[in-house]
Each structure stands twice: as C-alpha cells, then as structure tokens.
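Architecture and fold: a report
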Amino acid sequence: MNYKQEIAKQLAGVIDFLSADEIEAILEVPKDRGMGDFAFPCFRLAKNLRKAPPMIAQDLLEAFHAEAPISKVEAVGGYLNFTLDKAGFVKGVLEAVMEQGEKYGSKDLGQGKNVVIDYSAPNIAKPFHVGHLRSTVIGNALYKIYGFEGYNPIGVNHLGDWGKQFGMLIAAYKHWGDDKALEEEPIKALLDLYVKIHAELDEHPEYEEEGRAWFKALEDGDEEAQRLWKWFVDLSLVEFNRIYDMLGVSFDHFTGESFYNDKMEAVVEEIKEKNLLVESEGAYVVDLGEEMPPCIILKRDGATIYATRDITAALYRKKTFDFEKCIYITDYAQDLHFQQWFKVVKLMGYDWADDLMHESFGRVSTEQGKLQTRKGNVILLDDLLNQSIGKVQAIIDERNPNLEDKEEVAKAVGIGAVIFNDLSNNKIRDIVFNWERMLSFDGETGPYVQYTHARACSVLRKSGETAYAENLDYNQLMDPASLEVVQELATFPDVVEQAMLRNEPSLITRKIVLIAQRFNKFYHDCPILVDDEVLKGTRLALVRAVKTVLATGLDLLGIQAPEKM
RNA sequence: GUUCUCGUAGCUCAGUAGGAUAGAGCGACCGCCUCCUAAGCGGUAGGUCGGAGGUUCGACUCCUCUCGGGAACGCCA
C-alpha cells in the first residue's frame, strides 16, 4: 500500500479546491521523524483561504477524521502532521521485503524496453588508469539499475580502436617491434612503441608521413596493416577483459569506432541530401545557429571525424535496438560535442534525438595535477586494485586470520572499496585522487556496508531455526532504533527509481550507507539472539530484511556482498 | 572573450519540486568488547551555506550581478 496516496485521499475530503493528486504532491516527510511520518504544509493555502497557516492547520485538524493507517494527526505551526500506525507500517515493509526478496526495490518501470548504455570505451594500446574507471563503473551500475527496473539494458563498449594513431603504431612496430615483449606485456609494449615514435619525431619528421601512410593503408584494406591492427586490438582486449573480469563488468557489444567505418558514407550522404551540409573553411559542417558552434562532419582532407562516427553509431543503434533511451557516459569535457551532434540528429528529422542522453561526470586528477600518461602522472587501475586488495588482506590477517576463502574475500572487499568510492558522490563532481582517502575503510565506505552485511549474515547463521519463526510480533519493533531501520528500508524502492531517472548511482550508495548506519545502531542497542522466541524471531526478520536490501544495493552498484569478512 | 559547471564544518561530501532548529563521514578529543564480527557504537568541539542584490509568507535551493576553482569553444576522441 502507498501510505502517501492514502493520506492524500483522506485529506482531499476536507480540502475542496485540491485534488488527491495535488495534495500528494505537496505532502512531505518531516525532517524530524518524531514529528510524524508525513506532513502537509499549509502555507500555500494561505492565499486561497486568506488565513494564517497555523489557523488553517488547526481548522483542517478539526474537520479531519483520521482512518487507518493514520494513527495520529497534529497541527504544529503551519503544518498538519500525520503519524501512521507503526506496527502496520513495519509489518507492511518487512513482509514486502520477505515476499519480494532480491526483487525488493524494483518497480518494474521498464517493461522490457531497450536502453542502450555506452560506457568505458578505452583507447586500444593505452593503459587503463583511474581516469577510465569512472565511465566503466558508472555505466555498469546504470546497466544493473535499468535491468533491475525491468528494462532490457544493452551495454556497448565503444572502443577507441581506430584513427591515425594506429598508423603511427604500425610504423613504430615496423621499426622497433618486439614480438616477445608484445606477447608478455602487451599494453606496456604498445605504449612504449607509441611513446618512442612520438619522441623520435623531432629527429625523424618522416615518421609522421609513415604513420599517415600506414593508416591510409589500413583504411584501404591493406593486408599487413589490417593484420597488425587486428593483432594490437586483440592484445589490448585480452588486457582489458582481465580488468573487466576483476571489476565484474560486462558488455553486450564491443562495437568500437572501426565498426562504423563502412557505415559513415551513407550517413554523410543523408546529411547532404537533407541540405544540412555546408562548406566552411574547407571542411563540411552542419550549421547549428547562434547557440552552438557548427558541427564538423568532414574534415578539410575529406576524412570523417568523431561526430560523424557518433551520429552513424546512433543511427545504427536506433535501427538495431529501437532503444527508448541511449545513454552516453563520458566526462564533461565532451558536453559540447554531444550537444552538437544530438542537434544534428534532430535536424536530420529524427525525433528520437530527444532520447539520446549524455550523462557526464567529473574529471579525475591528482594533487600533482592532471593525469597524463606521457608525463608519468598516472595511477594504473591495476596498481590501485592491488593496493586496495593488499590492504584488505592485511586487515583480515590481523582481525580474522581463520577466515576461509581469504583471497576471494579480499578481492571482493578491496575492489568493492574502489568501486564504492567512485560511486559515492554526485557523478558531476571532480575527484582529486588521494591514496589515503582511497584506502580508508572506515565510515561511509564500501567495506563498511559489506561489513554490515556480513554482520547480519553472521547473526542469521547463528540463529538456527528461529530465523524463520512464524509467530512474529511487530509491536516488538517499536523502539526508535528498530523503527528507523524500517523507515530506511521503506523508501529504498523510491531511491532506486530516482537513481535511474537521474542516472545517478550515488543515490543508492548513500541509501545503503544510511541503512547500514541505522542497522549498526540497532545491532548495538537491541540484542537479537535472545531467549524470548517471538522477540528473537521478529528481530531476525528485520535482520534478514536488512541483509537482503544491502545485498541488492551493493549488487546494483556492481559490488559483491561476501557473507563473511 | 563567450558558454557550461562547481563553491555548504579543518578535510571529503549529502541536502529531494523552495518549507519546521542546515546533516553525515574523516580528522581531533573523550568513552564502550565477561555479550550476536570493534572494518562497529556513543559523546564533545567545529557553519555569516563564496559575496551582494532580488522574487517569495518562507531561499543552501529560483533570478541577476560578482569573486574563486575546473572545463569546453572547428578539422584528436
């Protein structure tokens, strides 16, 4: 049952000029839950009624006849506060979690509709560092959240697997390539080649031309160029897949930039036919009027550019997947670029351009400044994950040396800490990377939530049969600590919905921290494994509900929930 | 220069469609394991919500201006 709707319905009986829906929109949750479960602010009625808000509240109170589930109504200042029948509320929430289990929290909003999510998209032949982590984990979380809400999410990795740099790479390989090094440490060897040829450009400017020629050969289908390119891509993918495995991230399609090579000509043709393409300074662009600079479609040399490729990919995806939304996860440096080509798609006459969404996130830097691969100011994801796992291992050895599956748990917690950290604030915020902060496992962190989950599991494990006792008395959960846990569980579905609508996984991160905090307080205040069978069974029901919701929340973020740690 | 974005406690951040006394975590200080995992719990200290106007019964929230950080602004992606 929806309590808010119910209250709105009852209130509508005494306010003739507002509908139940309008009232529902005005109803809010008091900051101080001691005031009640819902509050109706009377301020905005003051004009219509030409009365002071406190008087309106008083009058409404007198006219109002509360029915279940409302147990108490009070007028406080300009507010009319409603208190629900607590036992009924607790029962409703806990039974919902029990019945729905790991589905609790989903409103099944998607109805099986397709949503394309474009995330990660690393550049082939470059190392995977913390800067690439964000798109990957945000995209993965959204993938899970949309799936949980009943959509059919389609995860696409738009790999940076094409462009002039591959010509340079092939040229470098022809000069200094070392097959053994490439097989052993592919990314490092590829990066070395890339760095070396750029370093040599001053003395050997002809390398520039060699690279250009090799890329031309690649585009023209030259057999050797194709073979080497494919080899480099495959080498990189092995490495990337190893990292995706560690992170627990997966994709439905690895359609990179190269995938669209043979599809762009038709799109350029279409833009031209629709009279959108104009010549400008030797290039061909689509004019976007006053508000934005023009969008380049063909460079002066006639070659396509990333906007062309993105438009082509969007048209392909619409045709292939008939998506309801297509979401791109990149940092905000690309904001203008996306606005521009979204507009082009719109000008091409496609109304579904409105379904293209660019969800941008903040940039990562270190205290030394920008992350720059060439200047060596990078934090490799491998190092980060290994440091984190190592620290978790040390903690386990110290506090829980007899834990079985130590390695597995250390990985789950260490990697979980990194993912959780990345998803804990609004995604638009910039991040200044800091090792100490990163590897702190106290307070609002992944390990804290995982620990809380493991704690709940531990109690359930020790409870024996009573975990499934049938005689429950929800009146036993009327103490503040228990009640506050239930209140947080109650709004979990709304938070998941909001996280999806706003494409903001951090809402879920914050929510599960809050649930964990409430639970730890409850755990501290209320002994669970007591002699009184009914009390024990009832409290265990609460523990089980918390365990379920924490596990769901962590899963939606792409984080594991070990039963012991 | 133009546009976008961020500015809340020493630090990192929440703050829902404007609403009741602005909240967490970390760090600091003080407490709590004969008891279900102390990666935990409690307490103390810490704020002119960058600044100035405006709209409103009411502004951290909306508008204008301003200061400071970050970013984008045609042939890289």
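Summary of the structure given here. Fair warning: this is a prediction, and the values are worked out from it, not measured in the lab.

Criteria and thresholds
Residues numbered from 1 in each chain as written. Chains lettered and ligands numbered in written order. Predicted model: local features only at pLDDT ≥ 70, side-chain atom pairs only at ≥ 80, totals over all residues. Heavy atoms only, no water. Helix = DSSP H or I, 4+ residues; strand = E, 2+ residues; numbered from the N terminus. Buried < 20%, exposed > 50% of the residue type's maximum accessible area, 1.4 Å probe, protein only. Contact = heavy atoms within 4.5 Å. Areas by Shrake-Rupley, 256 points an atom, 1.4 Å probe, with all protein chains shown as cover. Lys, Arg positive; Asp, Glu negative; His and termini not counted. Charge placed at Lys NZ, Arg CZ, Asp CG, Glu CD. Near = heavy atom within 4 Å. Polar contact = N/O pair within 3.5 Å; in protein donor to acceptor, adjacent residues only side chain to side chain. Core = buried A, V, L, I, M, F, W, Y, C linked by side-chain atoms within 4.5 Å. Salt bridge = Lys/Arg side-chain N within 4 Å of Asp/Glu carboxyl O. Phe/Tyr/Trp six-rings, centres within 6.5 Å; stacked < 30°, edge-to-face > 60°. Lys NZ or Arg CZ within 6 Å of the ring centre and 35° of its normal. Pairing = 2+ DSSP bridges. Axes fitted to C-alpha atoms, helices over the stretch in contact; angles between N-to-C directions. Parallel < 35°, antiparallel > 145°, perpendicular 65-115°, else oblique. Left-handed = near helix turned anticlockwise from the far one by under 90°. Nonpolar A, V, L, I, M, F, W, Y, C, P; charged D, E, K, R; others polar. Right-handed = clockwise from strand over helix to strand, strands pointing away.

Looking now at the overall build of chain A. When helices and strands are tallied, chain A shows 22 helices and 13 strands. Based on the C-alpha atoms only, the size of chain A along its principal axes is roughly 85 × 65 × 40 Å. Taking all 565 residues of chain A together, the buried fraction comes to 51%. Contacts in chain A between residues at least 24 apart in sequence constitute 74% of all its contacts with a sequence separation of at least 6. Of the roughly 26900 Å² that chain A leaves accessible, carbon and sulfur atoms contribute 47%. Between the centroid of the 63 positive side chains of chain A and the centroid of its 92 negative side chains there is a distance of 3 Å.

All right, on to the protein's contact with RNA strand B then. Near RNA strand B, the surroundings consist of 65 residues, among which Tyr79, Glu257, Arg399, Tyr451 and Arg455 are the closest. Sugar and phosphate atoms represent 61% of those atoms of RNA strand B found within 4 Å of the protein. With respect to RNA strand B, the backbone of Arg300 contributes an N or O atom lying 2.5 Å from a base oxygen. At a separation of 3.1 Å, a sugar or linking oxygen of RNA strand B approaches a polar side-chain atom of His524. If you list the elements that add at least two residues to the surface near RNA strand B, you get strand 3 (79-84), strand 7 (283-286), helix 13 (306-321), helix 15 (381-399), helix 18 (446-463) and helix 21 (506-525).

Okay, the environment of Asp32 next. With respect to the helices and strands, the residue Asp32 is situated in the loop between helix 2 (20-26) and strand 1 (38-41). Along the chain, Asp32 and Leu550 lie 518 residues apart, while their C-alpha atoms are 24 Å from each other.

Here we take up the nonpolar core. Ranked by size, the top nonpolar core spans 144 residues in total, and within it Phe40, Phe82, Leu247, Val449, Leu489 and Phe522 carry the most contacts. Considering each element in turn, this core owes the most residues, eleven residues, to helix 11 (residues 223-247). Not counting residues up to four positions away in its chain, the partners in contact with Val449 are Phe420, Ile512, Val513, Ala516, Leu550 and Leu554. Counting residues in hydrophobic clusters, the runner-up holds 32 residues, among them Val156, Val267, Ile297 and Met348.

Our focus in this paragraph is the side chain of Asp161. Mapped onto the fold, Asp161 is located in the loop between strand 5 (152-156) and helix 7 (164-176). Buried and unpaired, Asp161 has no salt bridge, with Arg309 as the nearest side chain of opposite charge at 7.0 Å. For Asp161, the side chain forms a polar contact with the main-chain nitrogen of Ser258, separated by 2.8 Å. If we ignore the near neighbours within four places in the chain, the residues touching Asp161 are Ile124, Phe166, Trp229, Val233, Gly256, Glu257 and Ser258.

The next thing to look at is the side chain of Asn81. Counting through the fold element by element, Asn81 comes out in strand 3. Assessed through its relative accessible area of 5%, Asn81 is described here as buried. With residues near it in sequence (within four places) discarded, Asn81 still touches Met35, Phe38, Ala39, Lys72, Val73, Glu74 and Val76.

Another aspect to go through is the packing of aromatic side chains. Enumeration according to the criterion identifies 29 aromatic pairs in this entry. Aromatic side chains Phe519 and Tyr523 sit 6.2 Å apart centroid to centroid with 45° between the ring planes, which places their arrangement in the tilted category. With Phe519 and Tyr523 both in helix 21, this residue pair falls four residues apart, about one helical turn. Taken together, the aromatic side chains of Tyr119, Phe128, Phe240, Tyr244, Phe251 and Phe254 make up a single cluster linked through ring pairs. Over the ring of Tyr316 we find Lys263, and its NZ or CZ is 5.8 Å from the ring centre.

Across a sheet, paired strands are connected by hydrogen bonds in the backbone, their directions being either parallel or antiparallel. Taken together, three strands build an open sheet; the order of strands is 12-11-13 and the sheet is mixed. In this open sheet, the two edge strands, each paired with only one partner strand, are strand 12 (369-370) and strand 13 (431-433). Alignment of strand 11 (residues 364-366) against strand 12, held across two bridges, turns out to be antiparallel. For Thr366, the partnering residue across the bridge sits in strand 12 and is Gly369.

Here the focus is the sheet that holds strand 8 (residues 295-298). Taking strand neighbours across the sheet as the criterion, the three strands line up as 6-7-8 in an open arrangement whose pairing is antiparallel. Single-partner strands in this sheet number two, and they are strand 6 (277-280) and strand 8. Across the sheet, the axes of successive neighbouring strands diverge by a mean angle of 45°, strand direction being ignored. The sheet contact formed by strand 7 and strand 8 spans three bridges and is antiparallel. Opposite Val286, over in strand 8, you have Cys295 as the bridge partner.

Turning next to the packing of helix 6 (residues 130-148) against helix 20 (residues 492-501). When two helices pack together, their arrangement is given by the angle between the helix axes and by the axis-to-axis distance. Helix 20 packs onto helix 6 with a crossing angle of 125° between their chain directions and a minimal axis gap of 10 Å. As far as their axial angle goes, helix 20 and helix 6 are oblique. Of the two possible hands of crossing, helix 6 and helix 20 adopt the one that is left-handed. Note on element contacts: helix 20 touches helix 6 through Val496, Ala499 and Met500, opposite Leu142, Ile145, Tyr146 and Phe148. Per-class residue counts for the contact of helix 6 with helix 20 are seven nonpolar, no polar and no charged.

Counted residue by residue, strand 4 (residues 114-118) has five buried out of five residues, so it is predominantly covered. Of the two faces of strand 4, the one lined by Asn114, Val116 and Asp118 and the one lined by Val115 and Ile117 are each fully buried. Here five bridges tie strand 4 to strand 5, and the two strands are oriented parallel to one another. Following the sheet pairing, Asp118 is matched in strand 5 by Val156. Crossover handedness for the path strand 4 to helix 6 to strand 5: right-handed.

Here the focus is the pattern of salt bridges. Evaluated as defined, the whole model comprises 36 salt bridges. The partner of Arg134 in a salt bridge is Asp422, and the shortest N-O contact between them spans 2.8 Å. Here Arg134 is found in helix 6, whereas its partner Asp422 is found in helix 16 (residues 406-422), with 288 residues between them in sequence. For Arg134, a relative accessible area of 1% gives the class buried.

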